[in-house]
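# Observations on chain architecture
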Amino acid sequence: MPRVSEEHLERRRQQILDAAQTCFARKGLHTTTMQDVFAESGLSAGAVYRYFKSKDDIISALTTEATVDLRASLSEAVHSDPLPTPPELIRTIAETIVALSAPGGPVRLIPQAWALALTDPNIGDYVRTNIGGIRRLWRDYAERMVEVGWLPPDADTDAVAKALLGVLPGFILQYLILGDTDPETLARGVTQLFPDYRATASQITHG
């Protein structure tokens, strides 16, 4: 009997995830059942459970996928040369968020996963891991800001990372729920809040 190829297994796994994402977009994470996923995917319960033991496992996989592109975009920008300014970097990440927020898009699952993380320890573990990884990238950026003189040498880069991380969840919620915010507006707001950060940092460093 021929062995099932890795390519076939990955296609089947993605088929299940695509079906689950469709269900979650239609009914939400909380109310979607595994039976909904079976029906949407056209697969038997046994076939689905071969890949995912529970709905939580599916949610964790989709939540991880939803942050992969965000983390990749942030990592590329943070480690690029020349270093993008805060408004430039915020605009880049916000544009990635918009691209991933189309109807049924993965970013639309993120706020739902945040809500579940408050009461579901398993989902909470996955969400904390993903948020922690993104915050470490913001700390890398803060440390590079110190290196180029945009922040003073004694800057609390951990605090800066936490503050910068807080910007993007707010953008996600405004973009998805209020619908009146875009990447350019966000970048313009950051520019106006901190118009002289580079000059000020230089004065603190050399003054």
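Refer to the preceding data block for the structure.
Conventions and cut-offs
Residues numbered from 1 in each chain as written. Predicted model: local features only at pLDDT ≥ 70, side-chain atom pairs only at ≥ 80, totals over all residues. Heavy atoms only, no water. Helix = DSSP H or I, 4+ residues; strand = E, 2+ residues; numbered from the N terminus. Buried < 20%, exposed > 50% of the residue type's maximum accessible area, 1.4 Å probe, protein only. Areas by Shrake-Rupley, 256 points an atom, 1.4 Å probe, with all protein chains shown as cover. Lys, Arg positive; Asp, Glu negative; His and termini not counted. Charge placed at Lys NZ, Arg CZ, Asp CG, Glu CD. Polar contact = N/O pair within 3.5 Å; in protein donor to acceptor, adjacent residues only side chain to side chain. Contact = heavy atoms within 4.5 Å. Core = buried A, V, L, I, M, F, W, Y, C linked by side-chain atoms within 4.5 Å. Axes fitted to C-alpha atoms, helices over the stretch in contact; angles between N-to-C directions. Parallel < 35°, antiparallel > 145°, perpendicular 65-115°, else oblique. Left-handed = near helix turned anticlockwise from the far one by under 90°. Nonpolar A, V, L, I, M, F, W, Y, C, P; charged D, E, K, R; others polar. Salt bridge = Lys/Arg side-chain N within 4 Å of Asp/Glu carboxyl O.

## Some details on the overall build of the protein chain
Tallying secondary structure elements over the protein chain gives ten helices and zero strands in all. Traced from its N-terminal end to its C-terminal end, the protein chain shows the element sequence α-α-α-α-α-α-α-α-α-α. Taken along its principal axes, the extent of the C-alpha atoms in the protein chain is 75 × 40 × 30 Å. The 207 residues of the protein chain split such that 43% are buried. Counting only carbon and sulfur atoms, one obtains 55% of the accessible surface of the protein chain, whose full area is about 11,400 Å². Placing the 20 positive and 26 negative side-chain charges of the protein chain at their respective mean positions leaves the two points 7 Å apart.

## A short note on the side chain of Ser101
By the element assignment, Ser101 lies in the loop between α5 (86–99) and α6 (110–117). On the basis of relative accessible area, Ser101 is assigned to the buried category, the value being 2%. A distance of 2.5 Å separates the side chain of Ser101 from the backbone oxygen of Ile97, its partner in a polar contact. Contacts of Ser101, omitting those with residues within four sequence positions, involve Val107, Arg108, Tyr175 and Leu176.

## Brief notes about the nonpolar core
Core analysis: the biggest nonpolar cluster contains 30 residues, and Leu74, Leu89, Ile97, Trp138 and Tyr141 have the highest contact counts within it. If you list the elements that add at least two residues to this core, you get α4 (55–78), α5, α7 (121–147), α8 (157–178) and α9 (183–193). Element by element, the count of residues in this core is highest for α8, at six residues. If we ignore the near neighbours within four places in the chain, the residues touching Leu89 are Leu74, Ala77, Val78, Pro84, Trp138 and Tyr141. With 22 residues, the next largest nonpolar core counts Phe52, Ile59, Ala113 and Ile123 among its residues.

## Considerations on the packing of helix α1 (residues 6–27) against helix α2 (residues 34–41)
With their axes 8 Å apart at the nearest point, α1 and α2 run at an angle of 120° to one another. Taken together, the axis directions place α1 and α2 in an arrangement best described as oblique. For the crossing formed where α1 meets α2, the hand is right-handed. Contacts from Gln15, Ile16, Ala19, Ala20, Thr22, Cys23, Arg26 and Lys27 of α1 reach α2 at Asp36, Val37, Glu40 and Ser41. Along the lines of polarity and charge, the residues of the contact of α1 with α2 split into five nonpolar, three polar and four charged.

## Focus on the pattern of salt bridges
For the structure shown, the criterion picks out seven salt bridges. Ionic pairing is found between Asp36 and Lys27, a salt bridge with its closest N-O pair at 2.9 Å. In this structure, the salt-bridge partner of Arg128 is Asp125, at a minimum N-O distance of 2.6 Å. Of this pair, Arg128 and Asp125 both sit in helix α7, separated by three residues, roughly a single helical turn. Given a relative accessible area of 41%, Asp125 falls into the partly exposed group. It is possible to trace a salt-bridge network through shared partners that takes in Arg139, Asp158 and Lys162.

Nothing here speaks to function; it is all geometry.
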